[in-house]
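Residue-level structure breakdown
Take a look at the letters that make up each chain.
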Amino acid sequence: MGEAIERLKALREMPDVFDIPEEVLRPLHIAATQEALDAQRPHIPVLDKRARDMGIDRVRSLDDVVPLLFAHSNYKSYPASFLAQGRWKALLQWLAMVSTPDYSDVDVEGIADIDDLLQRLWAAGYCVTTSSGTGGKLSMVPKSTGDMNRLKDFILHFREMERPLPPERQFHFFCFGPVLGTYTATSINAFTIEGFARPDSTYVLIEEPMRNVAIMRMAEMRRRMADGTATPDEIAQMEAQAAAQSEQMKERFASMADKFLELRHERVWLSAMTAQLWDLMLLARERGIERAELGPGSVITGGGGRKHLNLPDDFQEQLNDFYGTRGPAGYGMSEMSWLYPACGAGRYHVHPFAAALILDERGERLLAREGVVEGRFAFMDPTTDYRWGGLISGDKVTADFGSCPCGRKGMTILDPIRRYADINADGDKIECAGTIDAYIRGGFAQTA
């Protein structure tokens, strides 16, 4: 690992890692990105090809980083037939094209589905985390054990900005989500419970491991229903399963809600996505509870935003009024090593280990790094082990390079954060990194 990358990681020991001006960090980010490019380019074929095509060998400024950023769809750029047909060796070959390991030590004998393969990968030390979008195609992000330990370090020691919060298992803990599985959110939930949940007062909505294959089958059925290829028997079977699962979740949710409302005046930790926070609020209102009035020192984490939920325009204001919060507790995505926690002023603070980049909507040009800037969010994290740390997101953000009202000098992201796909139909179209899929297909054409 290079000297600049080590210096970046050493910033973890600063008294306040979120109080460093962006212009101070910039030279270190550029030097560390050069080191990451030199180290990873020989092992990540799509990165090497992109660098060769763009003629970039030296990173002299953050502008040079932009053409090397991967699209957020990069980690689901494998052919869908690999999963549908159980072509596990081919899927590992794809993983090797987008990350540094070659995965030759992963035994695929007897693997039945994608969850089996992921279990083998994790057992071999490849922590491939997953997520799925509305399209249902699984995103697979290769991470090392060190990457996961850094995420855990953030969860246990840095997520709460405004007050020291030692991980002493001191909260009544309500997790309205899963804690087992390969989704990044499940790892975050598990780390949080390990650090802050009272062993005698921990409540989890989904105790079973998240099964990727079940989510994929449901998405595939939705696609077939939309295009008219699903049979009536298949639709009836899926609807029956969905109804049974929904009924089970309703019962669990109601039971957890009862307990939460009983204990809410004590010190509680509520971890939930926006949809669950909303449903919990509605249930409380039905019982005549207009405000949660949580106990002193209580914490709410989670979020996820409106996305495609059918919520009123003022949903966040209603949530803030009910829970006594100022908005989501943080901003981030599963590809990031650390997230951006919210300060007392309600702004999301950029951590120093990666350069946050604000691009034009097409993702082709870095915008000026001064004042208040609005554009597409991207980042370059040179500290990642197995994957190239440069990524363009689908989010439209407003960034402030000046000082925050909370007093810190580091760069901040402001609410609201929106998805370009929700703003216009072509919003997810990214120009500069959009040919990664073609690289992948080309690679398999040459090696199949």
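Residues numbered from 1 in each chain as written. Predicted model: local features only at pLDDT ≥ 70, side-chain atom pairs only at ≥ 80, totals over all residues. Heavy atoms only, no water.

As enumerated under the stated definition, the model contains 19 aromatic pairs in all. On the basis of an interplanar angle of 75° and a centroid distance of 5.0 Å, the ring pair of Tyr78 and Trp94 is categorised as edge-to-face. Of the two residues, Tyr78 is situated in the loop between strand S1 (70-71) and helix H4 (81-84) and Trp94 in helix H5 (residues 88-98); the sequence distance between them amounts to 16 residues. One exposure class covers both Tyr78 and Trp94, and it is buried. In textbook terms, an aromatic cluster arises when at least three aromatic residues are bridged by ring pairs, as seen for Tyr331, Tyr340, Tyr348, Phe377 and Phe379. The cationic tip of Lys137 hangs over the ring face of Tyr78; the distance from NZ or CZ to the ring centre is 4.6 Å. Directly above the ring of Phe353 sits Arg150, whose terminal nitrogen or CZ lies 5.2 Å from the centroid. (Phe/Tyr/Trp six-rings, centres within 6.5 Å; stacked < 30°, edge-to-face > 60°. Helix = DSSP H or I, 4+ residues; strand = E, 2+ residues; numbered from the N terminus. Buried < 20%, exposed > 50% of the residue type's maximum accessible area, 1.4 Å probe, protein only. Lys NZ or Arg CZ within 6 Å of the ring centre and 35° of its normal.)

Looking now at the nonpolar core. Core analysis: the biggest nonpolar cluster contains 95 residues, and Leu91, Ile114, Leu117, Leu121, Met140, Leu357 and Phe377 have the highest contact counts within it. Here the element with the most residues in this core is H5; it accounts for eight residues. By size, the runner-up hydrophobic cluster in this structure holds 27 residues, among which are Leu263, Val268, Trp278 and Leu280. (Core = buried A, V, L, I, M, F, W, Y, C linked by side-chain atoms within 4.5 Å.)

This next bit is on the pairing of strand S5 (residues 197-206). Inspection of the sheet shows strand S4 (residues 171-178) paired to S5 by five bridges, in the parallel sense. Across the sheet, the residue bridging to Cys175 is Val204, located in S5. Read as a crossover between parallel neighbours, the route from S4 over helix H8 (residues 184-196) to S5 is right-handed. (Pairing = 2+ DSSP bridges. Right-handed = clockwise from strand over helix to strand, strands pointing away.)

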